[in-house]
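# Residue-level structural notes
Single-letter residue listing:
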Amino acid sequence: MANGVNKVILVGNLGRDPEIQTFDNGVKKASFSLATSEGYRNREGERATHTEWHNIVLWRGLAEVAEKYLRKGSSVFIEGRIRRRDYEDENKQKRFIFEILGDNMTMLGGGPRREGTFEENGTAATATTEPADAETAVPEDDLPF
């Protein structure tokens, strides 16, 4: 029998630029807040929106991509798991925070064009967040159907 499932899927917008930490061994960590919103009708029948804020943490390659391409307002798809982290504040009070540890991230459209290179498995590649023109990206005879 399985121990359980800890899976989160979020689509939202960054509330701030990613905060990047680089550790002595070269490993990077990116942290940022992500807003998810849902619309509904309140008791008076008026449209209302509820926004939930999530603390996102990305490591290594995903952190490097976040550092180069994500900015406040960027739209992203995050897949990961929930983690509770305990810590002591400056007054020695025990506190906790819930974070989403991202295992997968997809940058969604919109926002200004940002280009750059990143290395994955030792191979350099050029990436852009602006979608390619549909006619030049996929020749008509290469369609999968």
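Numbering of residues begins from 1 in every chain and follows the order in which that chain's sequence is written. At least 70 in pLDDT is required for a residue's local features to be given in this predicted model, at least 80 for side-chain atom pairs to be given and counted, and no such filter applies to totals for whole chains, interfaces and linings, which use all residues. Side-chain measures were taken over the full set of non-hydrogen atoms in the model, leaving aside hydrogen atoms and water.

## Looking at the nonpolar core
Formally: The set of buried Ala, Val, Leu, Ile, Met, Phe, Trp, Tyr and Cys residues whose side-chain atoms join them within 4.5 Å is what this entry labels a nonpolar core. For the exposure calls, accessible area comes from a 1.4 Å probe over protein chains only, and a residue counts as buried if that area is under 20% of its type's maximum, exposed if over 50%, partly exposed in between. Helix and strand assignments come from DSSP, with helices taken as H or I runs of at least 4 residues and strands as E runs of at least 2, each series counted from the N terminus. Note on definitions: a residue-residue contact is assigned when non-hydrogen atoms from the two residues lie within 4.5 Å.
Among the nonpolar cores identified, the biggest contains 17 residues, and Phe32, Leu34, Ile56, Leu58 and Ile78 are the most heavily contacted of them. Listed by contribution, the elements that provide at least two residues to this core are strand 1 (8–14), strand 3 (28–41), strand 4 (47–59), helix 1 (60–69), strand 5 (75–88) and strand 6 (94–107). Among the elements that take part in this core, helix 1 stands out by supplying 4 residues, more than any other. Ignoring anything within four residues of it in the chain, the contact list for leucine 34 reads Leu10, Gly12, Asn13, Leu14, Glu52, Trp53, His54, Ile56, Val76 and Ile78.

## Some points on the packing of aromatic side chains
We count it as follows: Two aromatic rings, drawn from Phe, Tyr or Trp (for Trp, its six-membered ring), form a pair once their centres lie within 6.5 Å of each other, and the interplanar angle then sorts them: stacked below 30 degrees, edge-to-face above 60, tilted otherwise.
One pass over the structure, following the stated rule, counts 2 aromatic pairs. Their ring planes at 20° and their centres at 5.8 Å tell us that phenylalanine 23 and tryptophan 59 sit as a pair that is stacked. One end of the pair, phenylalanine 23, is in the loop between strand 2 (19–22) and strand 3; the other, tryptophan 59, is in strand 4, with 36 residues separating them in the sequence. With centroids separated by 5.7 Å and ring planes inclined at 85°, the aromatic side chains of phenylalanine 96 and phenylalanine 98 adopt a geometry described as edge-to-face. For phenylalanine 96, a relative accessible area of 45% gives the class partly exposed. For phenylalanine 98, a relative accessible area of 44% gives the class partly exposed.

## What about the environment of leucine 70?
Position of leucine 70 relative to the elements: it lies in the loop between helix 1 and strand 5. As for leucine 70 and arginine 16, which are separated by 54 residues in sequence, their C-alpha atoms are 9.3 Å apart. Apart from the residues within four sequence positions on either side, leucine 70 is in contact with Leu14, Pro18, Phe32, Val65, Val76, Met105 and Met107.

## Section: a nonpolar patch on the surface
Basically, it comes down to this: Only residues whose relative accessible area exceeds 30% and that take part in no salt bridge are eligible for patches, with like-charged residues grouped when within 9 Å of each other and nonpolar side chains (Val, Leu, Ile, Met, Phe, Trp, Tyr) grouped when within 5 Å. Accessible surface area values rest on a Shrake-Rupley calculation with a 1.4 Å probe, where residue burial reflects the displayed protein chains alone. Salt bridges are defined as contacts in which a side-chain nitrogen from Lys or Arg sits within 4 Å of a carboxyl oxygen from Asp or Glu.
Residues Ile82, Phe96 and Phe98 make up a contiguous nonpolar surface patch of about 300 Å² in total accessible area. Tracing the chain through its elements places isoleucine 82 in strand 5. Given a relative accessible area of 42%, isoleucine 82 falls into the partly exposed group.

What is shown is where atoms sit, not what they do.
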